[in-house]
Amino acid sequence: MSATVTPDTGAVPPRLVTTAGAADLLRRLSGTHGELMMHQSGGCCDGSAPMCYPSGEFIVGDRDVLLGIVDLRLAVGEIPEDLPTGTDAVQVWNSGSQFEAWKHTQLVLDVVPGRGGGFSLESPEGFRFLSRARAFTPEENEALGASSILVGADWEAGVRPLPPTVPQVVAEAVDACPVPGAARRA
């Protein structure tokens, strides 16, 4: 995967954006469970929701696609100097078939009140992770089409993405995924 930069430069936009609420919940979960990872399979029922697991408890497939790494060191609007490690890093994976269906969208990882999926770590917390999506512009799709993706086999071979060059934590989902006709926060 290439570096992620702003779409107006013609470079590759991030495939993953995280809300501050989702990052806060991930911080709490990592304090209890240690290193975390997430996977969204696109299967029926709970499989279509982003599921959170202790790192290593879900086996990433060779064709699964890394959407991004949530950097738990960051606040809204911050840009990291390097990739996070240990409990500061939450890899977010998508099944290969799900990625093909949704590759034209940016995943916005959010959290809402409710019960999480049966196997997902947030289940007893009174919240559940939710993926929202923002369709990429034609220019963003062109830049993404010219870039490579990182799959599970690459990760296993030691390939890592470059650190992002744009903020990837937003205050609320609407900041990354505007709702037509809704007023934006000031």
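Quick note: structure is the one above.
Scope of this entry: the structure provided in the associated data block. Residue indices follow the written sequence of each chain, beginning from 1 at its first position. pLDDT decides what is reported in this predicted model: residues at 70 or higher carry local features, side-chain atom pairs at 80 or more are listed and counted, and totals for whole chains, interfaces and linings draw on all residues regardless. Values reported for side chains reflect all heavy atoms of the structure, with hydrogen atoms and water molecules removed beforehand.

**Overview of the sheet that holds strand 2 (residues 36–40)**
And then number 1: Whether two strands pair comes down to DSSP finding at least two bridges between them. A helix here means a DSSP run of H or I that spans at least four residues, while a strand means a run of E at least two residues long, and both kinds are numbered starting from the N terminus. Read from one edge to the other, the open sheet built from four strands follows the order 3-2-5-4, with strand pairing classed as mixed. With partners counted over all chains shown, the strands left at the sheet margins are strand 3 (51–54) and strand 4 (65–71), one partner each. On average, adjacent strands in this sheet sit at an angle of 25° to one another, irrespective of strand direction.
And then number 2: In what follows, residue pairs with any heavy atoms lying within 4.5 Å of each other are defined as contacts. What counts as an axis is a line fitted to C-alpha atoms, over the stretch in contact for a helix, and the angles between N-to-C directions run from 0 to 180 degrees. In the packing of helix 1 (residues 20–33) onto the sheet, contacts are made with strand 2, strand 3, strand 4 and strand 5 (89–94), and the angle to strand 2 comes to roughly 125°.

**What to know about the nonpolar core**
And then number 1: Side-chain atoms within 4.5 Å link the members of a nonpolar core, which is a set of buried Ala, Val, Leu, Ile, Met, Phe, Trp, Tyr and Cys residues. Only protein chains enter the calculation, and the probe is 1.4 Å; a residue is then buried if its accessible area is under 20% of its type maximum, exposed if over 50%, and partly exposed in between. The biggest cluster of nonpolar side chains holds 22 residues, and the ones touching the most others in it are L26, M38, C52, V70, L109 and F129.
And then number 2: Secondary structure elements with two or more residues in this core: helix 1, strand 2, strand 4, strand 5 and strand 6 (105–113).
And then number 3: In terms of residue count, helix 1 provides more of this core than any other element does, five residues in total.
And then number 4: When sequence neighbours within four positions are dropped, the list of residues in contact with M38 reads L26, P50, M51, C52, V90, Q91, V92, W93, L109 and F129.
And then number 5: Counting nine residues, the second largest nonpolar core, distinct from the first, contains M37, M51, W93 and W155.

**A look at the packing of aromatic side chains**
Ring pairs (aromatic) are described by centroid distance and by the angle formed between their planes.
And then number 1: Between 30 and 60 degrees the pair is tilted, below 30 it is stacked and above 60 it is edge-to-face, where a pair is any two Phe, Tyr or Trp rings, Trp via its six-membered ring, whose centres lie within 6.5 Å. Counted under the stated rule, the structure contains two aromatic pairs.
And then number 2: An angle of 25° between the planes, with centres 5.1 Å apart, marks the rings of Y53 and F58 as stacked.
And then number 3: With centroids separated by 5.9 Å and ring planes inclined at 85°, the aromatic side chains of W93 and W155 adopt a geometry described as edge-to-face. One end of the pair, W93, is in strand 5; the other, W155, is in helix 4 (residues 152–156), with 62 residues separating them in the sequence.
And then number 4: Charges are assigned to positions over rings by a cutoff of 6 Å between ring centre and Lys NZ or Arg CZ, combined with an angular limit of 35 degrees from the ring normal. A cation over a ring is seen here: R160 above W155, with NZ or CZ 3.5 Å from the ring centre.

**Considering the environment of N94**
And then number 1: Tracing the chain through its elements places N94 in strand 5.
And then number 2: Sequence spacing of N94 and V65 is 29 residues, and the spatial spacing of their C-alpha atoms is 5.2 Å.
And then number 3: Every residue in contact with N94, bar those within four places of it in the chain, is listed here: H39, Q40, D64, V65, L67 and F99.
And then number 4: Here Q40 takes part through its backbone oxygen, which lies 3.2 Å from a polar atom of the side chain of N94.
And then number 5: In this structure the side chain of N94 is engaged in a polar contact, spanning 2.9 Å, whose partner is the backbone nitrogen of F99. Polar contacts, as used here, are pairs of N or O atoms within 3.5 Å; protein pairs need one atom able to donate a hydrogen and one able to accept it. Residues neighboring in sequence count only if both atoms are side-chain atoms.

**Some remarks on helix 3 (residues 138–145)**
And then number 1: When we look at burial in helix 3, the residues that qualify are E140, A143 and L144. Viewed along the axis of helix 3, the buried residues span an arc of 100°, placing them on a single side of the element. What points out from helix 3, more than 90 degrees from its buried face, is the exposed set P138, E139, E142 and G145.
And then number 2: For helix 3, the secondary structure elements touched by its buried residues are strand 7 (127–135). What the arc measures is the spread of directions leading from the helix axis to the C-beta atoms.

**Some remarks on the sheet that holds strand 8 (residues 169–170)**
And then number 1: Strands sit in the order 7-6-1-8 across an open sheet of four strands; the sheet is mixed. On the outer flanks of this sheet lie strand 7 and strand 8, each paired with one strand and no other.
And then number 2: Strand direction decides the pairing type here: strand 1 (residues 16–19) and strand 8, joined by two bridges, are parallel. Residue pairing for strand 8: T19 is matched across the bridge by V170.
And then number 3: This element, helix 1, spans strand 1, strand 6, strand 7 and strand 8 of the sheet and lies at about 80° to strand 1.

Note that every value here comes from positions in space, so none of it alone points to a role or purpose.
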